[in-house]
Every structure is written in structure tokens, then in C-alpha cells.
Amino acid sequence: MDPQPPEASAGVVSVPHLPPGAHSGPDAQALNAGGDSGTMSQDAEVDLKEVELNELEPEKQPMNAAAGTAVAVPGGGEKNGLVKIKVAEDDAEAAAKFTGLSKEELLKVASSPGWVRTRWALLVLFWVGWLGMLAGAVVIIVRAPRCRELPAQRWWHKGPLYRVGNLQAFEASQTGSLEGLKKHLDYLSTLKVKGLVLGPIHKNQKDDLAGTNLKQINPTLGSQEDFNSLLQSAKKKSIHIILDLTPNYGGQNSWFLPSQVDTVASKVKEALKFWLKEGVDGFQVLDVGNLTDASSYLTEWHNITKSFSEDKLLIAGTESSDLQQIMSLLDATKDHLLLTSSYLSQPNGIVLNTKFLVTQFLNATDNHWCSWSLSQAGLMTTFIPAQLLRLYQLLFFTLPGTPVFSYGDEIGLQAAPGQPLEAPIMLWNESSLPDNIGFVTANMTVKGQSEDPGSLLSLFRRLSDLRGKERSLLHGDFHVISSGSGLFSYVRHWDQNERFLVVLNFGNVGQPAKLRAYNLPASTSLPATANLLLSTQPSREEGITLELANLNLDPHEGLLLRFPYVA
């Protein structure tokens with residue numbers, strides 16, 4: 001019987017760690033096959049790394065039967081066991097690990113000629129690049145166009161003024177009051193008005209100077225507390241209150257008798273100081289043409305308001321349409337005083353000579369800030385036909401100056417038969433109107449026009465909003481452009497902002513524009529095309545690009561076009 005092979009201890013095969021090349025040849029094969037080469041002596045013992053193989057899945061076991069490493073087990077079959085591999089961490093292997101250069105070695109390498117030249121080259125390249133970028137920035141700054149200094153502007157320069165002379169008519173109520181007016185401030189906010197010209201609302205007995213008190217609210221309209229409440233509510237909505245102090249507004253002569261003018265003027269001075277302390281933002285006096293030496297009084301009143309604050313406004317009104325008389329009123333205070341007049345509503349002036357009247361007025365005032373209206377107090381419909389209302393809204397909002405409107409101008413309000421021309425009932429909606437104002441349809445009311453994007457009210461809101469946002473319309477330069485007969489065309493531009501071209505056809509027939517810009521600065525020359533921002537005719541498609549050489553306008557149509565600044 002053949003001797004039994006020694007039993008494998010714990011299913012472990014010990015494999016000595018041999019030097020390189022020692023695992024090949026007959027000796028290695030005999031050691032793998034026999035497994036009986038004996039145990040290593042303790043003097044030669046090294047660290048072992050045990051690899052558990054018996055728990056691995058067969059397909060993942062690294063053992064190969066052909067290599068002769070499988071161990072037979074009782075009961076037949078083969079089972080992989082635990083392999084202990086001897087790894088010697090000798091000095092040669094430890095020395096193979098990279099420990100880097102020492103400080104002395106690094107210094108030696110860094111001081112070599114090659115590295116010195118490289119460092120100098122990189123340093124020079126850095127400074128050359130930095131100086132190049134600095135020089136480029138300086139060139140850009142020097143050659144860039146300078147931004148134009150913005151002019152000083154007050155609140156009345158930034159939007160329209162809105163006149164409410166009769167509270168009962170404006171509120172469409174026989175019991176109109178300051179409290180009722182406060183409820184309409186939200187509506188005025190949608191119009192983007194900057195100032196509300198209110199009244200007169202002071203106590204006035206017709207043609208009775210003794211019974212007139214410019215410092216007391218008419219009791220039928222409210223109390224001093226009601227007025228203060230209105231002031232605070234308007235302030236929250238950025239609406240400034242301008243109080244009308246025309247003394248004898250209920251009588252025959254707004255300034256009483258000529259012999260009483262000095263007494264009246266003293267009352268006005270006292271009232272100005274009183275209401276300024278109450279928080280009023282400005283004042284209006286009408287019919288100043290009836291005042292003897294009106295310029296002297298206006299200068300004195302203007303100085304009172306400005307001494308209190310530069311942010312206070314004085315408005316004077318006259319029915320005169322004579323330019324010389326108007327200029328005599330403006331001479332003393334034309335830098336700050338706004339004057340409303342009938343200058344633009346003189347006979348035949350509306351349709352035929354608007355271009356001439358506007359340019360003449362701007363030249364006479366030396367382009368100082370002015371206001372635009374058709375009268376000192378009346379409605380636009382009193383002076384121009386309904387088909388020109390849109391045209392005049394576009395004109396007033398795009399001319400250099402402050403547009404001044406009366407309540408109802410935004411909806412084309414007209415006085416019904418039997419109503420006073422200057423105080424017709426405001427058409428808020430059909431259900432709230434008295435029965436005696438005649439036939440009214442929805443498209444005539446504020447409610448109806450608010451729901452119609454093509455209405456006169458919607459156009460008013462768009463123009464008012466646009467004027468408050470665009471610098472070229474707020475305080476831009478004004479240049480008239482030669483165009484066809486019956487047309488009025490001009491450009492508004494400011495510095496590097498968008499330019500605006502306005503073309504107005506006052507004629508009863510459609511015609512080509514024939515624009516010819518001879519006197520425009522080089523930076524504002526007309527382009528070949530411009531974008532149509534809006535038209536006074538709702539039927540025209542907006543937002544399209546139009547060729548200016550082929551621009552045609554319908555009867556009574558106004559166009560507002562814009563084009564970009566080109567350096």
C-alpha cells in the first residue's frame with residue numbers, strides 16, 4: 001500500500017517567496033505539484049499575505065487547475081484553499097519610492113541658466129501684456145463718446161398736468177367734494193399725471209372782496225382736514241397738488257375791480273405763504289391779462305414760491321393768443337413759470353399753421369421750458385374737431401415742454417347741450433350718469449374706453465407712459481424736418497439714446513411724407529428705415545419697419561417712429 005501523503009494543514013498551501021526567476025523550471029514545478037517541500041524555518045520566516053479563496057465563487061477564483069494549485073479533499077473533488085504568499089519588503093523595494101528633491105537640490109536646479117532665462121522671459125511677457133491691456137483701456141476711454149450731462153429737471157418736467165376746475169362736474173355728482181376727489185386718485189395714476197391742478201376751491205362770494213378768503217376751503221367742498229387728507233393721499237401716489245388761487249372766480253372779473261388790485265395782490269401773497277406751509281406743491285392764477293402790471297405781480301409771487309423751495313411751481317393763465325403779450329408775461333420768470341394760453345387755438349391756426357406756430361413759439365422762448373395747451377382752462381374739443389384729438393395728444397406729448405390737459409381731454413369729452421363749456425359732466429360709466437346729459441354710449445365713457453386698446457384713452461395712457469421713460473422725449477433736442485404740405489415732422493433725440501421721429505398729417509387727404517432732413521446733426525441723420533412705435537389710426541399695424549423714402553400717411557394721421565443711435 002502506497003504511503004499516504006501528508007495531510008494538508010487547515011487546507012492551506014504555503015508557498016515560499018522566491019527571488020525573481022526562481023518560480024520557473026523543474027524545481028518550481030515539483031514544489032507546486034508535490035506540496036510537500038516542507039515548512040519554512042523560523043529564521044527565514046517573513047510576513048505573509050493571506051488571500052481567502054475558498055469563499056469565492058468558482059468563476060471568480062484566481063486558481064487554475066492546470067497550474068497544480070488545487071488541493072484534494074476527502075470525499076473526492078477539489079477545493080481551493082487559503083494561499084499564503086510571502087512578500088519580502090526588502091531595502092531595494094523601499095528605495096524605489098520617490099521622496100522628491102531636497103531644498104538644496106531645488107535651489108541648484110532653479111539657479112541653472114535655463115530656468116533663469118525662462119523666468120525672466122515669463123516676467124517680461126507678463127508686464128508687456130499688462131501694459132498692453134492698460135494702453136488699450138486708455139484708448140477706448142479716450143475715443144469713446146462722452147455722455148452728455150443731464151439737465152436739472154423738476155417733477156413738472158417729467159409728465160403731464162391735469163386740471164380739475166369743477167369738482168361736481170369731474171365727479172359727475174351734485175355733491176362733489178374733496179373726499180370724492182380722493183377716490184379718483186387711482187385713475188389719475190393710470191394716466192401717469194405728475195400734477196393735479198385743483199380749483200379754485202377757496203371761499204368766494206361773487207364780486208365781494210370782503211367775503212373772499214383765499215386761505216379757507218369752500219365749506220360746500222370740504223374742510224381743511226379733508227384737504228390735508230387729499231394732499232397726503234396724492235403724495236403717496238406721487239401726484240403733486242397745484243392749487244388755483246384765482247381770487248374772484250365766481251364773479252365777473254377774476255381780480256375784482258381795478259382799484260382793488262393791490263389789496264387782492266396782498267391777499268394772494270398771504271395765501272401763497274399759508275398754503276406752502278400746508279404742503280401744496282404749486283399754484284395757478286388765471287386771467288392774468290386782466291392784471292395791471294401783471295409781470296411785476298407774477299415775479300413777486302414767483303419769488304415767494306421759489307424762496308420756500310425750488311421744487312414749487314407757479315402757473316399763470318391767459319386767454320390771449322398774441323405772442324408779444326405772452327412773451328411779456330414770460331420775460332421775468334420764463335425759466336420757471338409755466339404759462340397756459342390760447343396761442344395754439346387762434347383762428348385757422350390749428351389745421352393750417354401748427355408747424356409755424358410751434359416753431360415760432362420755441363424760437364421766441366429761446367427753447368426754454370414751456371407748456372402746451374389750447375387754452376388756460378377749456379376742453380380740447382372746444383377748439384379742435386374730434387378727428388384731430390389723437391393728433392394733438394401725440395403732438396403735446398412729444399414736443400419739448402409740459403403738456404397740460406383738462407379733465408375729459410383723455411376721452412374726448414364734449415359739453416352736452418345745456419352744460420357749461422368749461423365744466424361738462426365727466427363720463428365715468430353709463431350707469432352713474434344723470435339723465436339730463438343726453439345720449440351716451442359705452443365708447444364715450446372712461447369704463448368703455450379703458451376696455452378698448454384702440455381708444456383715445458388707451459392712446460393717452462401709452463403716450464404718457466412713453467414720455468416718462470424716454471430721455472429723448474423728456475428733455476431731448478428738437479429738430480424740424482422738411483416734409484409735404486400740411487405735414488408737420490420733427491425729430492427728438494438725446495445723446496446716445498434712441499431717436500424718435502414724429503410725422504403729423506393735419507390735412508383731410510392722405511399723402512406721402514417726403515421727408516428731407518437738411519439741418520440735423522450728423523449723429524441724428526435719418527436712417528433708411530425706422531420702426532413704427534404707434535399710429536393714431538388703430539387700423540395701422542404697429543411694430544413693423546417702414547421705409548422712410550416711401551412713407552405715406554392717411555388723413556389726420558400721426559406716426560411715432562423710432563430708430564437707434566449710431567456712433
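What comes next concerns the included structure. All values reported here derive from a predicted model rather than from experimental measurement. (Residues numbered from 1 in each chain as written. Predicted model: local features only at pLDDT ≥ 70, side-chain atom pairs only at ≥ 80, totals over all residues. Heavy atoms only, no water.)

### As for the sheet that holds strand β12 (residues 313–317)
And then number 1: Strand order across the open sheet formed by eight strands is β13-β12-β11-β10-β7-β6-β15-β14, with parallel pairing between neighbours. Looking along the sheet, the strands with just one partner apiece sit at the ends: β13 (338–340) and β14 (371–372).
And then number 2: Pairing between strand β11 (residues 282–285) and β12: four bridges, direction parallel. Bridge pairing links G282 to L313 in β12. (Pairing = 2+ DSSP bridges. Helix = DSSP H or I, 4+ residues; strand = E, 2+ residues; numbered from the N terminus.)

### Comments concerning the side chain of T398
And then number 1: Of note, T398 is situated in helix α14 (residues 389–398).
And then number 2: From its side chain, T398 meets the backbone oxygen of L394 in a polar contact 2.6 Å long.
And then number 3: Residues in contact with T398, not counting those within four places in the same chain, are L473, Y490, R492, V502 and L560. (Polar contact = N/O pair within 3.5 Å; in protein donor to acceptor, adjacent residues only side chain to side chain. Contact = heavy atoms within 4.5 Å.)

### What to know about unusual backbone geometry
And then number 1: Residues G199 and P200 are joined by a peptide bond in cis, for which omega reads 15 degrees.
And then number 2: Positionally, P200 belongs in the loop between β7 (195–198) and β8 (202–205).
And then number 3: A positive phi angle, near 55 degrees, is found at A172, a position not held by glycine.
And then number 4: Its location among the elements puts A172 in the loop between α5 (167–171) and α6 (178–182).
And then number 5: Non-glycine residue S238 carries a positive phi angle of around 60 degrees.

### Some words on the pattern of salt bridges
And then number 1: Counted by the stated rule, this structure contains eleven salt bridges.
And then number 2: The closest approach of N and O atoms between R562 and E498, which form a salt bridge, is 3.8 Å. Remark: E498 occurs in the loop between β17 (487–493) and β18 (499–505) and R562 occurs in strand β23 (residues 558–563); sequence separation between them is 64 residues.
And then number 3: Relative accessible area serves as the criterion here: at 26%, R562 is assigned to the partly exposed category.
And then number 4: Given a relative accessible area of 31%, E498 falls into the partly exposed group.
And then number 5: Bridged by salt links that share partners, the residues K192, D465 and K469 form one connected network. (Salt bridge = Lys/Arg side-chain N within 4 Å of Asp/Glu carboxyl O. Buried < 20%, exposed > 50% of the residue type's maximum accessible area, 1.4 Å probe, protein only.)

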